[in-house]
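Below are the chains, spelled out letter by letter.
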Amino acid sequence: MRKLAIEPQYAIEVKGLRKTFGKGENKVEAVRGVSLQVRKGEIFGFLGPNGAGKTTSLRMMVGLLNPSAGNVIILGKDPKEKQNQDFIKEKIGIIPQEVSLYLELTVEENLWFIANAYRVPSADAKVTIDKLISDMGLEEKRKALAKNLSGGMKRRLNLIMGLVHNPELVLCDEPTPGLDPQSRVVVWEYIQDLPKQGKTVILTTHFMEEADRLSDRVAIIDNGEVLVLDSPKALKKSVGEGDLVEFMLENTEKDHLEQIASALREFNGGKAIQEVYISSNRVIMRSKDVISNLSRILNHIEDQGAEVENMAIRNTTLEDVFISLTGRALRN
Amino acid sequence: MLPLEIAKRFGKELIRMRISLVVLLALPAFMAFMFWFAFNSAGLGSTETYILGVVNEDEGVADELAAYFQVVNSVYDTGISNTTLTHGFAHDFIQSLKSINYTNEQNTADNIPIFTIEEYDTSEIALNNSNPNEDVESRDIDALLYFPRNYSNTTLSAVNNANFIQSGLYLDENPFWVGPPIPKSDNSELKIVGDEGYTRYLIVKVILSKILTAFMENIHNFQYSGGNVDYEINSVALKEYSIFDTIMPGILVFGILTQSGMLAAFLVSEFAETQTMTRVRLSLIKPWEYIMGVSIYQFIVSFFQMGILFVLPILLLGFRPAGSLIEGFLVLLVTTVFTTGLGFVLAGIFTSSDTAGQSSGFLMTPIAFMSGAFMEVPTITLFPSVIPTASGIPRDFILWDIIPTTHTVNALRSILLYEFSVTDVWGELMLLIIPSILLLVFGMIFYSKRRFAGDI
Ligand SMILES: Nc1ncnc2c1ncn2[C@@H]1O[C@H](COP(=O)(O)OP(=O)(O)OP(=O)(O)O)[C@@H](O)[C@H]1O
Ligand SMILES: [Mg+2]
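What counts as what
- Residue numbers restart at each chain and count upward from 1, following the sequence in its written direction.
- Written order decides the labels, with chains lettered from A and ligands numbered from 1.
- In keeping with the predicted nature of the model, local features appear solely for residues at pLDDT of at least 70, side-chain atom pairs appear and are counted solely at 80 or more, and the whole-chain, interface and lining totals rest on all residues.
- Think of the side-chain values as coming from all heavy atoms in the structure, minus any hydrogens and water.
- For the purposes of this entry, the term helix denotes a DSSP run of H or I that reaches at least four residues, the term strand denotes a run of E that reaches at least two, and both are numbered from the N terminus.
- Buried means the residue's accessible area, taken with a 1.4 Å probe over protein chains only, is under 20% of the maximum for its type, while exposed means over 50%, and partly exposed covers the values in between.
- Definition of a polar contact: a pair of N or O atoms within 3.5 Å, with one able to donate and the other able to accept a hydrogen when the atoms are protein atoms, and with sequence-neighbouring residues admitted only if both atoms are side-chain atoms.
- By the convention used here, residues are in contact when the closest approach between their heavy atoms is within 4.5 Å.
- To estimate the expected span of a helix, count its residues, drop one, and scale the result by 1.5 Å.
- Because water is not among the atoms used, a metal site may look incomplete, as its donors are only the N, O and S atoms within 2.8 Å, or 3.2 Å for Na, K and Ca.
- Pairing of aromatic side chains requires ring centres within 6.5 Å, counting the rings of Phe and Tyr and the six-membered ring of Trp. Pairs whose planes differ by under 30 degrees are stacked, by over 60 edge-to-face, and all others tilted.
- Placement of a charge over a ring requires the Lys NZ or Arg CZ to be within 6 Å of the ring centre, with the centre-to-atom vector within 35 degrees of the ring normal.
- Neighbouring residues are identified by heavy atoms, a residue being near a molecule or strand if any of them is within 4 Å of it.
- Here the accessible surface of atoms and residues is derived via Shrake-Rupley with a 1.4 Å probe, and residues count as covered only by protein chains that are part of the display.
- When DSSP finds two or more bridges between two strands, those strands count as paired.
- All axes here are fitted lines through C-alpha atoms, helices being fitted over the stretch that makes contact, and every angle between N-to-C directions spans 0 to 180 degrees.
- Two parts lose some accessible area (1.4 Å probe) when they are put together, and adding that loss for both gives the buried area.
- One speaks of a salt bridge when a side-chain nitrogen belonging to Lys or Arg is within 4 Å of a carboxyl oxygen belonging to Asp or Glu.
- The domain boundaries here were taken from an automatic or database domain assignment.
- pLDDT: the predictor's confidence for each residue, scored from 0 to 100.
- Like charges are joined within 9 Å and nonpolar side chains (Val, Leu, Ile, Met, Phe, Trp, Tyr) within 5 Å, but only among residues with over 30% relative accessible area and no salt bridge; these make up the patches.

Caption draft 1: The arrangement of the side chain of Asn158 of chain A in detail. With respect to the secondary-structure elements, Asn158 of chain A resides in helix H5 (residues 151-161). Classification of Asn158 of chain A by relative accessible area gives buried; the value is 0%. A polar atom in the side chain of Asn158 of chain A sits 2.5 Å from the side chain of Arg279 of chain B. Those residues in contact with Asn158 of chain A that sit more than four places away from it in its chain are Ile95, Pro96, Glu98, Val99, Ser100 and Leu101 of chain A together with Arg279 of chain B.

The structure is reproduced here in structure tokens:
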């Protein structure tokens, strides 16, 4: 079937988005020129460390913050135009980073208030609310006041509060902090399922696993700028092939670590090891053929007067991508 | 209806947050109890003698006018044409004030005068040897009655007016009698001077207004029938009050003022603490729907708060308002316009509900005090004799009249204690309602500009 020409191709288009807070000494350039397009039906990840400007970008996209510069187009419409505003509001659901609930209302009452706020007909609202409550495993807490929920339950309620009006576009700002591993998986699977219901998801996170696992495409953002934007697979590939080996050494003095790292770079004429760097007091190296070289490499390290305390072999992660782009770890 | 849903939500939150119920109800109720405890035994009213200062500059009725007055009078009764009618109405009035007693029904021999009259010599005042205004300020006298030079003439003119309306006769403009015109002067009105915040003054004013009405009726009757200025107002019905009763209206106002801070804290917490304002703004709720919902909620809260604060002192503390409870209740409900407006303004300013709550507590206490809710406040006159009052004698616009709740306190006292009706206190009500509506409109616009637009 041919798509109608007027059907917009992108869920969100952002051009030259900037936000500066404060003046003079307190001036913070939170977002410095972000341009990107989010395709319909994809899960788009924003990955970046604390203070990178993820929340600020998201808030500008939905109109909670006025951009200092740049513009946003949502589902082909300009939110600055008054006649588009209700249309856009109906299509957007936001899951804020800060848990935003009416603490003195019950789980159900919270959801009903939102349903009313979006003028969802009661019959539809009842079906949706029942489903959302059971999807998040909150049936037993239906009648509990939000303030009496555990942190993780609040987080789950916070998530479904943004979905009561069945939005086409879901903006999800850090959905999983404070969730236990099982709940996290439940939420992940839930988010992964949203595109199947025809929804587009924008997800911000500073967990690389989360971005990697959920996103179709990831924008890595740091200091208010998008550094790269691609599928997680392509991003990981871009830093090089092969596996990573992390060595935790008994001697953790910086100079000594540097010495070991440069020794490894020289190893075997630099052919067996593609890359060596230091992160969080660990020496990390990338090699296409770890297994056959491993014992020689260990000897080589011990020759430098260091004792290997622990060692791990793992695949490339988005964290490595971030490190290769910025020279810093995501979490520090 | 979205506004109703919003009102319902606020209501649920209020009921479930016990601490706010405490502030809303228990605090003013506790205040009422404290004042009751302190003042209950202090009686006030039925047989109190008030000290009334009098400055009489009245020049009486001009000779030619007096003669003329008799001629006209002779239309009704020619038999008294040669008697001196009056030394001036002020003189007559003062004489009668001296003779008015409380009627003690149990023991008629024991009649107690309502007033002790302290007459000031105008020449002594001119020499600065005595200063009645200072005596008012120091409360050596409870009120000062000032008769200007043209008092008699003006009174005569008023009587004429009444006659004209009743009989078609009018003294100085009667086409058949060409007489001297009655001099008109700015300086012709009877003035009652006193400390608006002084309960004794307020009571004196009410008694005087009742006597004055009777007095005017008497001169009127006199002229109409050709009799003498002779009238009997020997007793004035006064209810028995305790100081507690006079303070109760102030406590009600204090109670209603707690609403502003509470409302501000509620609105700010949605913005700052629960951050649910994000959800409200992204939803289809329009600013006016939200604001209307909040106002409905506030009105209902006010209704119940005032109901409880009215009924509790009546049931438990022996508060016995003489006037109409329903009208007093209405005045308080109207005051909700002010407290809601203030709540919106505060909610637009503060960004944490704690500071909103604390700052409004900080603000409300002086507002309650300045509006005379608890005790007399110093009088700082801005415009003399401009506010119409129930007694018919305009009072000064003092500094605190800028605060709408000053008028709630005054209107409540007039209605609950002195049995006036809402229409009698229209001057106070206008000064309550008009600034309150302006504040509410400003507050709503300010709030929606601050919280429904711009960065959040
Ligand atoms: N209202 C504000 N006023 C001043 N500075 C702000 C404001 N909001 C955000 N910032 C600053 O902008 C920068 C980006 O913040 P933002 O919340 O977008 O980061 P983030 O990527 O969401 O981080 P996190 O992972 O911690 O949520 C930070 O330096 C922050 O301090
Ligand atoms: Mg954030």
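Still more to cover.
Caption draft 2: Spotlight on helix H4 (residues 122-135) of chain A. Residue and element names in this part refer to chain A. Compared with the 20 Å implied by 1.5 Å per residue over 14 residues, the 20 Å span of H4 between its first and last C-alpha is a close match. The inward-facing, buried residues of H4 contact helix H3 (107-117), H5 and helix H6 (181-193). Following H4 by one or two positions, Gly137 has its phi on the positive side, about 60 degrees.

Caption draft 3: Structural context of the coordination of the magnesium ion (ligand 2). Residues and elements named next belong to chain A. At 1.8 to 2.1 Å from the magnesium ion (ligand 2) lie its protein donor atoms, namely Thr55 (OG1) and Gln97 (OE1). In this pair, Thr55 sits in helix H1 (residues 54-62) while Gln97 sits in the loop between strand S5 (92-95) and H3, placing the two residues 42 residues apart along the sequence. For Thr55, a relative accessible area of 24% puts it in the partly exposed group.

Caption draft 4: Highlighting the packing of aromatic side chains. Tallying each qualifying case throughout the model produces 15 aromatic pairs over all chains. Consider the rings of Phe442 of chain B and Phe446 of chain B, whose centres lie 5.6 Å apart with planes at 15 degrees: the pair is stacked. One end of the pair, Phe442 of chain B, and the other, Phe446 of chain B, are both in helix H15 (residues 426-451), four residues apart, so they sit about a helical turn from each other. Following the ring pairs from residue to residue traces out a cluster consisting of Phe10, Phe266, Tyr290, Tyr297, Phe344, Tyr447 and Phe452 of chain B. The side chain of Arg184 of chain A reaches across the aromatic face of Phe207 of chain A, ending 4.9 Å from its centre. Sitting over the face of the ring of Phe271 of chain B, Arg451 of chain B holds its NZ or CZ atom 4.0 Å from the ring centroid.

Caption draft 5: Molecular detail of the site of ligand 1. All names here are of chain A. As a matter of local geometry, ligand 1 sits amid 14 residues, with Gly51, Lys54, Thr55, Thr56 and Gln97 nearest to it. Side-chain polar atom of Gln97 to an oxygen atom of ligand 1: 2.7 Å apart, as the coordinates give it. The fraction of the free accessible surface of ligand 1 (630 Å²) that becomes covered by protein chains is 62%. Those elements that provide at least two residues to the shell around ligand 1 are strand S2 (28-39) and H1. With three residues, the single largest contributor to the shell around ligand 1 is H1.

Caption draft 6: Geometry of the sheet that holds strand S7 (residues 191-193) of chain B. All names here are of chain B. Taking strand neighbours across the sheet as the criterion, the four strands line up as S5-S2-S6-S7 in an open arrangement whose pairing is mixed. Of all strands in the sheet, those bounded by a partner on one side alone are strand S5 (115-120) and S7. Strand-to-strand twist of the sheet, defined as the mean angle between neighbouring strand axes without regard to direction, takes the value 25 degrees. Taken together, the six bridges between strand S2 (residues 50-56) and S5 define a ladder with parallel strand orientation. Note that in S5 the partner of Gly53 across the bridge is Glu118. Packed onto the sheet, helix H4 (residues 89-99) meets S2, S5 and strand S6 (143-147) and runs at close to 145 degrees relative to S5.

Caption draft 7: Just the interface of chain B and chain A, in detail. Each side of the interface is counted separately: chain B has 25 residues, and chain A has 32 residues. For the pair chain B and chain A, the two sides together bury roughly 2800 Å², of which 55% comes from carbon and sulfur. On the chain B side of the interface with chain A, the three residues burying the most area are Arg279, Leu282 and Leu284 of chain B, jointly 31% of the side's total. Where chain B packs against chain A, one counts four salt bridges. Of the charged contacts, one joins Lys286 of chain B and Asp86 of chain A as a salt bridge, the two residues approaching to 3.0 Å between their closest N and O atoms. Linking chain B with chain A are 14 residue pairs in polar contact (both at pLDDT 80 or more). Listed by contribution, the elements that provide at least two residues to the side of chain B that touches chain A are helix H1 (2-16) and helix H10 (277-282) of chain B.

Caption draft 8: Highlighting the pattern of salt bridges. This structure, assessed with the given rule, holds 23 salt bridges over all chains. Overlapping salt bridges bring together Glu108, Lys126, Asp130, Arg142 and Lys143 of chain A as one network.

Caption draft 9: Representation of the pairing of S6 of chain B in the model. All names here are of chain B. The buried count for S6 comes to five of five residues, which makes it a mostly enclosed element. Residues Ala143, Leu145 and Phe147 of S6 are buried on one face, and the alternating residues Leu144 and Tyr146, pointing to the opposite face, are buried as well. Pairing geometry for S2 and S6, over five bridges, is parallel. Bridge assignment links Gly53 to a residue of S6, and that residue is Leu144. With three bridges joining them, S6 and S7 adopt antiparallel strand pairing. Looking across to S7, one finds that Tyr146 is bridged to Lys191.

Caption draft 10: Representation of the domain arrangement of chain A. Entries for chain A in the domain assignment read domain 1 (41-59 + 82-236) and domain 2 (241-315). For domain 1 of chain A versus domain 2 of chain A, the distance between C-alpha centres works out to 40 Å.

Caption draft 11: Just the environment of Asp180 of chain A, in detail. Residue and element names in this part refer to chain A. As for its position among the elements, Asp180 is in the loop between strand S6 (169-173) and H6. Residue classification places Asp180 among the partly exposed residues on the basis of a relative accessible area of 38%. Measuring from C-alpha to C-alpha, the distance between Asp180 and Gly152 comes to 7.4 Å, with 28 residues separating the pair along the chain.

Caption draft 12: Local environment of the confidence of the model for chain A. In the predicted model, chain A carries a mean pLDDT of 89, and 97% of its residues have values of at least 70. Ranking the helices and strands of chain A by mean pLDDT puts H3 of chain A first, with 97, and strand S11 (residues 273-279) of chain A last, with 83.

Caption draft 13: How the structure looks around a nonpolar patch on the surface. On the surface, a nonpolar cluster with roughly 760 Å² of combined accessible area is contributed by Ile300, Phe303, Phe304, Ile308, Val311, Leu312, Leu315 and Leu316 of chain B. Considering the arrangement of structural elements, one finds Leu315 of chain B in helix H11 (residues 287-316).

Caption draft 14: Layout of the environment of Asp396 of chain B. Residues and elements named next belong to chain B. As for its placement among the helices and strands, Asp396 is situated in strand S10 (residues 395-398). The partly exposed category is assigned to Asp396, whose relative accessible area is 25%. Sequence spacing of Asp396 and Ser414 is 18 residues, and the spatial spacing of their C-alpha atoms is 16 Å.

Caption draft 15: Broad picture of unusual backbone geometry. Positive phi is not limited to glycine here, since Glu174 of chain A has a value of about 55 degrees. Inspection of the secondary structure puts Glu174 of chain A in the loop between S6 and H6. In the Ramachandran plot, Arg139 of chain B falls in the positive-phi region, its phi being about 65 degrees despite a non-glycine side chain. Inspection of the secondary structure puts Arg139 of chain B in the loop between helix H6 (132-137) and S6. Here Arg139 of chain B falls in the partly exposed class, since its relative accessible area comes to 28%.

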